[in-house]
Structure formats: structure tokens, C-alpha cells
Amino acid sequence: MAQINDNFIKIPATYLFSEIAKRVAQHKEANPDAPIIRMGIGDVSLPLPDASVDAMIKAAEEQRHAETFRGYGPEQGYAFLRDAIVANDFAAKGLDIEADEIFVSDGAKSDTGNIGDIFSVNNRVAITDPSYPVYVDTNAMGGRAGEPNEQNVWSNLVYLPCNVANNFVPQLPTEKVDLIYLCYPNNPTGTTLTHEQLKVWVDYAKANNAIILFDAAYEAFITEENVPHSIYEIEGAKEVALEFRSFSKTAGFTGTRCGYTVVPKAVMAFSENGEKVALNKLWNRRHCTKFNGTSYVVQRAAEATYSPEGKKQVKALIDFYTENARIIREGLEKAGYTIYGGKNAPYVWAKAPEGMGSWEYFDYLLKEKNIVTTPGAGFGLSGEGFVRFSAFGSREATIEAMKRLEK
Ligand SMILES: *Cc1c(COP(=O)(O)O)cnc(C)c1O
């Protein structure tokens, strides 16, 4: 008798985006001419940088000829890309990361989701609340989350609330944890941690033999000083932290697919019999066993984002979304809303008016203003009472949405 992994049936259906789609469809049916503006999306809208497209065309042409054709490449990524990553994302910023500590992949969702493969089911896992749903759901699949209650709160996860009271800075847990997921700049709140605030977590990890899983997918959106671009800017992090990066939000690769994970050789965890084991070795084993490498063509596209032209074009993309975020922040403030984030991230976290829940506020914005947002409650209990505005839309739509809110 074939048996399933029962953890999968414990996970509630992710009804967030289907529920949003349902409510938008109902509103459209009742108001066929409603000029709906979508500010709920977590996908980019601008096309790829020319440098990346040109690199892909060139690479595709190479694949046409026997002399330049490439079959399987190194599972960890081609040296041309790993070296470019090391040089530009780390060495240029004074960070000492080596090429064999970089694992190129098809994106940060896969990596943040798959990393659990190398960790015991017995680890106590801490997750900021609200959070990117992948962390919670993949720990549930791996059997580390326990049981969900009717509010989708899992019995074995340690939630780190990020709210107005703590200014969206997660506080150290009162019970000992082993794995800690941190995402900064944060999705969904758009908030950040300073060097000092992140150091608290690195120090905790060192003192407690814990590992930090640091998701830096929005690193490129940082505009302010004293916001770390990489956790390796924090002293000691190279012994306790893995970092996930993605070309998706940075360079428009959401459909092209490329990201990477940094696993420093000094990061150790313990085997059942107390032996220290390097995570770099384990992740290398896992990666090479279950993954045959990111497409050559796509790795060339990613490499091209580091060329002088590519860098300029990527900066133009980021600047465009950053300006949208500014328009949203200022528009919402002018309209009298209380907001957070949006300065170093493409998301603005808006507090629902007093007494209104996430979904009520969502419905109000949809029905009265024809604006689609994402209800914060969909990202965890602490997201209740908020909605997320995304800066990934067009300039016209962003400006028009803010005009509607001012009225
Ligand atoms: C978008 C996003 C990613 C990137 O995912 P890809 O698989 O690289 O497209 C990772 N983490 C967070 C928090 C995100 O919002």
C-alpha cells in the first residue's frame, strides 16, 4: 500500500490569492466598467535588461553549433557566474566569500524551500510573523511545524511577531530555537533591520548553536545607510548564516529563473551523535543529487547583469520601482493612512483604519477605489489589520491609485 507524506494534507490550501481573485471577479461582474488597478502583485512588470537579453541570444546561438554547444554544466553553476557573483556582490563590498561557497539555482523560492532537506526534523524553527509563506509551508512538509490550529498557527513553530509595538523588529525568542528565518528587506512589510538589530540575531545564533537562514531577495532596493545588504556584513555571520539571493526582483528574472545560495564553509551544525558537520558539504551533496544546474543560457543572462551596461540597466529598473514606492508612501500618508516600509523595499505596509480588519480594508479599497491590494492576514496572524501595496506596477497606475485615495 503506497502511503503519502501526511504532512502535505495538514497544510491548509493557500486560499489567499484565490480568494483575492474571487473577490475581484465578483466586483468586476457587478461593475463591468470598474477601472481596476492591481497593487497586490509580487511580480515585476518591466522587461529584462537589454544586456541580459543580448547575452541570452548570444548563448542560444552558441547552443546551435557543435563547437560551442554546452550540455550538462556544473550543478553548482558555471565559474563565469560564480566568479562574477563573488566579485560584484561580495568582494566589491569588502566581504570575503569564495566561489565554492556559492550555489547557483533556479531561484530563491526553490532554495529557501529546499534547504530544510539538510536539517533534522527535530530542529525548533523560528519564523518572523508575518512572513513569505514558503518558510512555513516547507517546514510543515518536512514535519518540523507540528499541527496547525484553525487560525493556521502551527504548534511547533516559534513565531516572532513583527508589529507596530516592536517597530517591526523581531525580538529574541524566550525558548531556544535552532533555525531562524529572516527576510530583510522584508516581504511583506517592506521594513528593514539595521546592522545593530541584525547583529543581535547573529550573536544569538553563535551563543545557541543556531543557524540563520537569511533571505536577501530585496537587497537591491536598499537606499538607506546602516541597512545591511548582506548578513555577512555582520561580524561572525560567516559561521552561523546562509544567505539566499535572487535575480528575480533585482533584474526582472521572475520568469527567467535564477538565484543563488551562499553556504560559507565555516557554517557548522551537529549530527545526531554530536559531531560538527559543515553545511557547505551537505548542501553541495543535496544540490548535486537533486539538481542538474541552471540553464546555460540563463546563467549568461545573470552574468550580464554584472557588466557595466547591465549594472546601469538594473539600476534603472530598481530606481523605477523605488520611485513608485515613494509615490505610494507619500500618497498614502497624504490620504491620512499610517504606513510602514517602502523605503528600502518595493512594498508598503498600510495599517487599516481603526477597527477594520485586513479583508475589510481590502474590500473597501476594491469596492470604493477599485484598487486591489494583498490582505496582510494572508502572511500570518500579525499581518491582520494591514494590507500590502506593491510598487511593481506601472507609473501611470501608481499615480492614478494615489489620486483616488486622496479623494
Ligand atoms: C520573490 C521572493 C523571492 C524570490 O523568489 P525566486 O524564486 O527567486 O523568484 C524570495 N524570497 C522572497 C521573500 C520573495 O518575496
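Residues numbered from 1 in each chain as written. Predicted model: local features only at pLDDT ≥ 70, side-chain atom pairs only at ≥ 80, totals over all residues. Heavy atoms only, no water.

1. Thoughts on the domain arrangement of the chain
A common measure of how large an interface is: the accessible area buried when the components associate.
Logical step 1: Along its sequence, the chain is organised into domain 1 (14-47 + 309-406) and domain 2 (57-304).
Logical step 2: One C-alpha centre belongs to domain 1, the other to domain 2, and the line joining them spans 26 Å.
Logical step 3: Taken together, the contact between domain 1 and domain 2 spans 29 residues of the former and 34 residues of the latter.
Logical step 4: Contact between domain 1 and domain 2 buries roughly 2500 Å² in total, counting both sides, with carbon and sulfur atoms accounting for 62%.
Logical step 5: Counting across the domain 1 and domain 2 interface gives 0 salt bridges.
Logical step 6: The tally of links between domain 1 and domain 2 comes to 11 residue pairs in polar contact (both at pLDDT 80 or more).
Logical step 7: Listing elements by their share of the side of domain 1 that touches domain 2, those giving two or more residues are α11 (308-334), β11 (339-341), β12 (347-351) and β15 (386-390). (Domains from an automatic or database assignment. Contact = heavy atoms within 4.5 Å. Buried area = accessible area lost by both parts, 1.4 Å probe. Salt bridge = Lys/Arg side-chain N within 4 Å of Asp/Glu carboxyl O. Polar contact = N/O pair within 3.5 Å; in protein donor to acceptor, adjacent residues only side chain to side chain. Helix = DSSP H or I, 4+ residues; strand = E, 2+ residues; numbered from the N terminus.)

2. A look at the pattern of salt bridges
Logical step 1: By the definition in use, this model includes 24 salt bridges.
Logical step 2: In this structure, the salt-bridge partner of Lys238 is Asp96, at a minimum N-O distance of 3.6 Å. Here Asp96 lies in the loop between α4 (79-90) and β2 (102-105) and Lys238 lies in the loop between β6 (211-215) and β7 (241-246), a separation of 142 residues in the sequence.
Logical step 3: Judged by its relative accessible area of 26%, Lys238 is partly exposed. (Buried < 20%, exposed > 50% of the residue type's maximum accessible area, 1.4 Å probe, protein only.)

3. Things to note about the sheet that holds β12
What holds strands together in a sheet is hydrogen bonding between their backbones, with the strands either parallel or antiparallel.
Logical step 1: The sheet built from 4 strands is open, its strands ordered β11-β12-β15-β14 with antiparallel pairing. The two strands at the open ends of the sheet, each matched to only one other strand, are β11 and β14 (374-375).
Logical step 2: Judged from the 2 bridges that link them, β14 and β15 form a sheet pairing that is antiparallel. The residue bridging Thr374 from the neighbouring strand is Arg388, located in β15.
Logical step 3: Across the sheet, helix α12 (residues 358-369) touches β12, β14 and β15, and the angle it forms with β15 is around 45 degrees. (Pairing = 2+ DSSP bridges. Axes fitted to C-alpha atoms, helices over the stretch in contact; angles between N-to-C directions.)

4. A closer look at unusual backbone geometry
In most cases, non-glycine residues show a negative phi, while peptide bonds are predominantly trans.
Logical step 1: The peptide bond linking Asp129 to Pro130 adopts the cis configuration, its omega dihedral lying at 5 degrees.
Logical step 2: Residue Pro185 follows Tyr184 across a cis peptide bond; omega there is -5 degrees.
Logical step 3: Turning to its location among the elements, Pro185 is positioned in the loop between β5 (179-183) and α7 (195-208).
Logical step 4: Of note, the phi angle at Asn209 is positive, near 50 degrees, even though the residue is not glycine.
Logical step 5: By secondary structure assignment, the location of Asn209 is in the loop between α7 and β6.

5. Describing the sheet that holds β2
Logical step 1: On the basis of which strands lie adjacent, the open sheet formed by 7 strands has the order β2-β8-β7-β6-β5-β3-β4 and mixed pairing. The sheet is open, and its two borders are formed by β2 and β4 (157-161), each paired with just one other strand. In this sheet, adjacent strand axes meet at a mean angle of 20 degrees when their direction is disregarded.
Logical step 2: As paired strands, β5 and β6 are joined by 5 bridges and run parallel to one another.

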